[in-house]
Amino acid sequence: MTSIPALELTAALRSGNSTAPRLTWYGPDSERVELSGRVLDNWVAKTSNLLQDELDAEPGMRLRLVLPAHWKALVWALAGWQLGLETMLDGGQADFLATDNPAGSDGQYDAGVAVALPALAMRWGGDLPAGWLDYAAEVRSHGDVFMPHADPDPSARAVLTSQGRSVLHQDLITGFAVPHTEGARLHVPADAGLEAVLANALGAWQQGGSIVLTHPDVAITDKLMADERIHGS
């Protein structure tokens, strides 16, 4: 099977020290979610399987993310990348759209997935437009292991940056991720934007590190930084 950096990264998350925290989220209303490498990989695998099995996603197709910088947005980006999709962080025609605001979405996509952001949400809180898939209601039924039906193309585009630079799947780490020190535990504020959060997370995970992602409404106190053992760069 052809491998790409995203597949190698998810393999690393579930091996070695897989119980160590890799992604910690602080959200509104005192919400705190911590995902170990194994749990993060499980969420990514389930999401990739949902895309592949329910929406017939194949390498080279386009996944548009209209989501805030949130732990579920990181899951979606990784899921798309390990499938070999182009993960789109801005507008434009796409095969699939994942969003927390389906009612406000335009029609430039073929299939829509509504992503409820609260960690404990078991379904979308309200009515969905016709034809939309409810991520919270569907994702848990999918397998914890992702087995691609088709090999991803390393030379296909993985992402188009906000500066208009194309990054190929084979260059996702070297050409998109922000380099960080080995084992770093980084604080990354969500108001930096989804692209910056993804780039920093990839760089930290590649070095066996982790990130603490904070919603803009969360006060960043010395206690929080100490409790989360923020270190490295």
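The structure this text deals with has already been given above.
Residues numbered from 1 in each chain as written. Predicted model: local features only at pLDDT ≥ 70, side-chain atom pairs only at ≥ 80, totals over all residues. Heavy atoms only, no water.

Draft legend 1. How the structure looks around the environment of glycine 232. For glycine 232, the position within the fold is in the segment after helix H7 (222–227). Sequence spacing of glycine 232 and alanine 111 is 121 residues, and the spatial spacing of their C-alpha atoms is 41 Å. Not counting residues up to four positions away in its chain, the partners in contact with glycine 232 are Thr181, Ala184 and Leu186. (Helix = DSSP H or I, 4+ residues; strand = E, 2+ residues; numbered from the N terminus. Contact = heavy atoms within 4.5 Å.)

Draft legend 2. Structural context of helix H3 (residues 71–83). If you check H3, its first and last C-alpha atoms are 19 Å apart, about what 13 residues at 1.5 Å a residue would give, namely 18 Å. Among the 13 residues of H3, 13 are classified as buried, and the element is accordingly described as predominantly covered. Backbone geometry just after H3 places glycine 84 at a positive phi near 90 degrees. (Expected span 1.5 Å × (residues − 1). Buried < 20%, exposed > 50% of the residue type's maximum accessible area, 1.4 Å probe, protein only.)

Draft legend 3. Region of interest: the sheet that holds strand S5 (residues 94–99). Read across the open sheet, the 5 strands follow the order S4-S3-S5-S6-S7; overall the sheet is parallel. Sheet topology places strand S4 (86–88) and strand S7 (133–134) at the edges, where each strand pairs with a single neighbour. Pairing analysis gives 5 bridges linking S5 to strand S6 (residues 109–114), with the strands arranged parallel. Looking at S6, one finds that leucine 97 is bridged to glycine 112. Along the sheet face, H3 touches strand S3 (62–66), S4, S5 and S6 and points at about 170 degrees away from the line of S3. (Pairing = 2+ DSSP bridges. Axes fitted to C-alpha atoms, helices over the stretch in contact; angles between N-to-C directions.)

Draft legend 4. Main features of the layout of surface pockets. Approximately 180 Å³ is the volume attributed to the largest pocket. Forming the boundary of the largest pocket are 14 residues, of which Leu7, Arg14, Val145, Phe146 and Met147 lie nearest the centre. Residue classes in the lining of the largest pocket are distributed as 8 nonpolar, 3 polar and 3 charged. (1 Å grid on protein atoms, 1.4 Å probe; cavity = no way out; pocket = protein on both sides within 12 Å on 5 of 7 lines; lining within 4 Å. Points joined across faces, edges and corners; volume = space filled by probe spheres on them. Nonpolar A, V, L, I, M, F, W, Y, C, P; charged D, E, K, R; others polar.)

Draft legend 5. Quick peek at the sheet that holds strand S2 (residues 32–36). If you trace the 4 strands from one edge of the open sheet to the other, you get S2-S1-S11-S10, paired in mixed fashion. Edge strands, defined here as strands with exactly one partner in the open sheet, are S2 and strand S10 (185–189). Each strand of the sheet is rotated relative to its neighbour by a mean of 15 degrees, with strand direction disregarded.

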